[in-house]
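Chains, contacts and geometry: an overview
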Amino acid sequence: IRAVREGETEVLVPVHLEDVSFPPSQAPVFYNPAMELNRDISVAATAAFVKELSARRNMALSDITYVDALSASGIRGLRIANETGIHATLNDWSEDAYQLIRQNIGHLGLEDRVEATRRNANVLLHENRYNIVDIDPFGTPAPFLAAAARSAVHLLEVTATDTAPLCGAHLHSGIRKYSAVPFNNEYHSEMGVRILLGKITRELSVNDRAMSPLLSHATRHYVRTYLKIDKGAKRTDSMLEQLGYIAHCPSCGSRQAFSGIALFIPKECTRCSSERILAGPLWLGSLHQPEFCNMVLNEIENRNLGTKEQARKLIELCRDELDVPMFYDQHIICKRIGVSPSEIEGFLTALRDRGFAASRTHFSGTSFKTDADIGKIEDILFSLR
Ligand code: SAM
């Protein structure tokens, strides 16, 4: 056991597992230092959400309940409890993890606000309701989504590290886990976010519950999303209207979104008549709420976070991202049409000067979003030569 400090919290974790055990999922208790950015943003996003929730509902912070259903060392939930002031339940079915969590609660003196449980996460979530449910598993969150969708009353936070199935690189695994068909091309990272959100949407709708994404990001090898939960059949029906499909033409790069679940989608590209590929059902709605991103940025500024700079940059990009599916990659378009790429800001200005909305994205440095279609984008790239 050794102590590590993340944010304002010192947590006991197993000895340098990076050295003694690889992959870390084989270690007796899991701890991945590379997820500090994910946890820093979780602390800031949860703090922003609970401030608003406690003010709106007139609730004391310590009455707001959070569960980290798959806790391992407990570091995520311990940080949330310690750094935001809410109540936390830290669950893991492994005896080693459970004992370490208990030790950590004592180490931080959080016995009055933090509880350790040793249950199957799905049983715990089916039996209890929490204001905030956090699912941070090895790989896919899919086996936990039905229970999480019943348990979460106000906020659902989900990590997925199975990016290959989500993004279409492992197609059949993606179809099995997410009951949807992804495809793998230049915007595979956004594909992963939208396939995951589509699956969560369908799990929530079974319970007449709706979600609206407050913040979602694809970072390195994982996707993380924060979803505000509402109940009611009407809200659920309007959420479902934001499910649909993307038809993509691999030949000319044009893409078209179709809302709805049971649809006829013509295979022929409307621009060049080549055969298009289809992905879905997936989430076509927004990925972020700019006001919420501003609240998270405010928390990041006022906190002691190890990844502050990186977190700030990422959330600013999310806030300013045009909220339409799917991003374009300038280099890929330029390669296809045989022109050299332009400096991204100059190119975005050229799009805006011609009356289109345009932004960078958090997905990659060469990507952008715009409401211009591929033909207009190509015209502008030719004009910048
Ligand atoms: N949230 C942790 C963090 O931020 O460091 C990492 C959690 S780790 C990726 C996943 C944990 O889930 C493991 O400790 C494993 O024992 C636990 N686990 C897997 N399936 C479970 C289940 N069905 N019920 C309870 N715990 C489970």
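Let me sum up the structure you'll find in this document. This is a predicted model, so every value here is computed, not measured. (Residues numbered from 1 in each chain as written. Predicted model: local features only at pLDDT ≥ 70, side-chain atom pairs only at ≥ 80, totals over all residues. Heavy atoms only, no water.)

1. Here we look at the packing of aromatic side chains
Counted according to the given criterion, the structure contains six aromatic pairs. On the numbers, 5.1 Å between centres and 80 degrees between planes, the contact of Phe 30 with Phe 138 is edge-to-face. Pair noted here: Phe 30 is in the loop between helix 1 (17-20) and helix 2 (36-57) and Phe 138 is in the loop between strand 6 (130-135) and helix 6 (142-151), with a separation of 108 residues, a long-range link. Assessed through its relative accessible area of 54%, Phe 138 is described here as exposed. (Phe/Tyr/Trp six-rings, centres within 6.5 Å; stacked < 30°, edge-to-face > 60°. Helix = DSSP H or I, 4+ residues; strand = E, 2+ residues; numbered from the N terminus. Buried < 20%, exposed > 50% of the residue type's maximum accessible area, 1.4 Å probe, protein only.)

2. Quick notes on the pairing of strand 11 (residues 255-259)
As defined by bridge partners, strand 10 (residues 243-248) adjoins strand 11 across five bridges and the pair is classed as antiparallel. Within strand 11, the residue paired with Gly 244 across the bridge is Ser 259. Linking strand 10 back to strand 11 in an antiparallel pair, the connection comprises six residues, with Gly 253 at a positive phi of about 85 degrees. (Pairing = 2+ DSSP bridges.)

3. A word on helix 14 (residues 344-353)
For helix 14, the complete set of buried residues consists of Ile 344, Phe 347, Leu 348, Ala 350 and Leu 351. Seen from one end, helix 14 has its buried residues packed into an arc of 155 degrees, which puts them on one side. Where helix 14 begins, one side-chain oxygen reaches toward the backbone nitrogen of Glu 345, 3.1 Å away; that side chain belongs to Glu 343. Positioned one or two residues after helix 14, Gly 355 has a phi angle of 90 degrees, which is positive. (Arc of directions from axis to C-beta. Polar contact = N/O pair within 3.5 Å; in protein donor to acceptor, adjacent residues only side chain to side chain.)

4. Some thoughts on the site of the ligand
Within the structure, the ligand sits among 19 residues, and Leu 70, Arg 76, Asp 92, Ala 121 and Asp 136 are positioned closest to it. In the model, an oxygen atom of the ligand is placed 3.3 Å from a nitrogen or oxygen of the Arg 39 side chain. One nitrogen or oxygen atom from the main chain of Trp 93 is found 3.2 Å from a nitrogen atom belonging to the ligand. Compared with its free state, where it exposes 610 Å², the ligand has 91% of that area covered by protein. Looking at the shell around the ligand, its residues break down into nine nonpolar, four polar and six charged. (Near = heavy atom within 4 Å. Areas by Shrake-Rupley, 256 points an atom, 1.4 Å probe, with all protein chains shown as cover. Nonpolar A, V, L, I, M, F, W, Y, C, P; charged D, E, K, R; others polar.)

5. A few points about the state of the cysteines
Following the criterion strictly, the structure yields zero disulfides and no others. Free of any disulfide, Cys 293 has its nearest cysteine sulfur in Cys 318, 5.9 Å distant. Cys 252 provides the cysteine sulfur closest to Cys 334, a residue in no disulfide bond, and the two sulfurs are 16 Å apart. (Disulfide = S-S within 2.5 Å.)

6. A closer look at unusual backbone geometry
In this structure, Pro 281 follows Gly 280 across a cis peptide bond, with omega equal to 0 degrees. Inspection of the secondary structure assignment puts Pro 281 in strand 12 (residues 277-283). In the segment running from Pro 325 into Met 326, the intervening peptide bond is cis, with an omega of -10 degrees. Relative to the elements of secondary structure, Met 326 occurs in the loop between helix 12 (308-320) and strand 13 (328-329). Positive phi is not limited to glycine here, since Arg 220 has a value of about 45 degrees. Not every positive phi belongs to a glycine, and Ser 273 is a case in point at roughly 70 degrees. Note that Ser 273 resides in the loop between strand 11 and strand 12.

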